Structure formats: C-alpha cells, structure tokens
Amino acid sequence: MKPHNINLDEFDNIFEWLFENEHEMHIAIYDRLEYAFANNKKKVTLFRFEGTDSVLTINISKTGLYLNKALRYFERIEEYEKCSSILKWKEIINTLNKQKNEY
C-alpha cells in the first residue's frame, strides 16, 4: 500500500497539519496498519510529504503508543469495528514483543 500523501503548502509545519486533519491522519494510519497486519509486514510507510523525498515509516512492533491513542479516538467517534481491530493488533504486538524478549 502506498503512503498517504501530505501536502504541507497550506500549513506552517507538520504539527499544524496534524491538528487540522486529525480524522484524516487516524484513517490514513489505520488503513496502512490494517494492510501491514493483514500481510505480515514488519514495517509500514505511513506518509509521504509532497514536494520532498521524505517519508514516515514505522516498525509495526513500535506502534503500541499510537494504537492506544487511536483506540481512544475511534471509541470517541463510535467506530467500534476499528476499535476491535486495534485491540487485536495490540495483542499481536504484545505477543511479538514478548517472544522477542524471550530470546
């Protein structure tokens, strides 16, 4: 899956974009994580910044903090199917991290 394109031309910085586009950000990340988990990917490229060569890529095992925030966000807007998926992904990450620590 291709990264989500972000055009920062209308914004002073990435933080302004994030605050102005919270829903778009969560959906974009959710969609890419859904793809990554379904395809057993270890990394996923979330965003590409238009007009640059910059991309934001994350290791799936390092998404726990985001998943906690996404869970609260999707609960707040009552998208419970997404919440269910996020809970499953958290279990997968916990299992992966536990296995990693055993070695």
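Above this text sits the structure in question.
Here is what the cut-offs are and how they apply
- Residues numbered from 1 in each chain as written.
- Predicted model: local features only at pLDDT ≥ 70, side-chain atom pairs only at ≥ 80, totals over all residues.
- Heavy atoms only, no water.
- Pairing = 2+ DSSP bridges.
- Helix = DSSP H or I, 4+ residues; strand = E, 2+ residues; numbered from the N terminus.
- Phe/Tyr/Trp six-rings, centres within 6.5 Å; stacked < 30°, edge-to-face > 60°.
- Buried < 20%, exposed > 50% of the residue type's maximum accessible area, 1.4 Å probe, protein only.
- Axes fitted to C-alpha atoms, helices over the stretch in contact; angles between N-to-C directions.
- Parallel < 35°, antiparallel > 145°, perpendicular 65-115°, else oblique.
- Left-handed = near helix turned anticlockwise from the far one by under 90°.
- Contact = heavy atoms within 4.5 Å.
- Nonpolar A, V, L, I, M, F, W, Y, C, P; charged D, E, K, R; others polar.

Q: Would you mind going over the pairing of strand β3 (residues 55-59) with me for this structure?
A: Each regular strand carries side chains that alternate between the two faces of the sheet. Strand direction decides the pairing type here: strand β2 (residues 43-49) and β3, joined by five bridges, are antiparallel. The residue of β3 that forms the bridge with R48 is V55. Between the end of β2 and the start of β3, which pair antiparallel, lie five residues, with G51 showing a positive phi angle near 80°.

Q: Sorry, what's going on with the packing of aromatic side chains here?
A: The relation between two aromatic rings is expressed through the spacing of the ring centres and the mutual angle of the planes. For the structure shown, the criterion picks out five aromatic pairs. Aromatic side chains W17 and F47 sit 6.0 Å apart centroid to centroid with 75° between the ring planes, which places their arrangement in the edge-to-face category. Here F47 lies in strand β2 and W17 lies in helix α1 (residues 14-20), a separation of 30 residues in the sequence. Under the relative-accessibility criterion, F47 is labelled buried at 4%.

Q: I would appreciate a short explanation of the packing of helix α2 (residues 22-38) against helix α3 (residues 64-76) in the present structure.
A: Packed helices, taken two at a time, are described by their axes: the angle between them and the distance between them. Axis separation between α2 and α3 bottoms out at 11 Å; the angle between their running directions is 120°. If you check the angle between α2 and α3, you find them oblique. Regarding α2 and α3, the two cross each other, and that crossing is left-handed. Taken together, the residues of α3 that come into contact with α2 (itself represented by E22, H23, H26, I27, I29, Y30 and L33) are Y66, L67, K69, A70, Y73, F74 and R76. Residues that form the contact of α2 with α3 fall into these classes: nine nonpolar, two polar and three charged.

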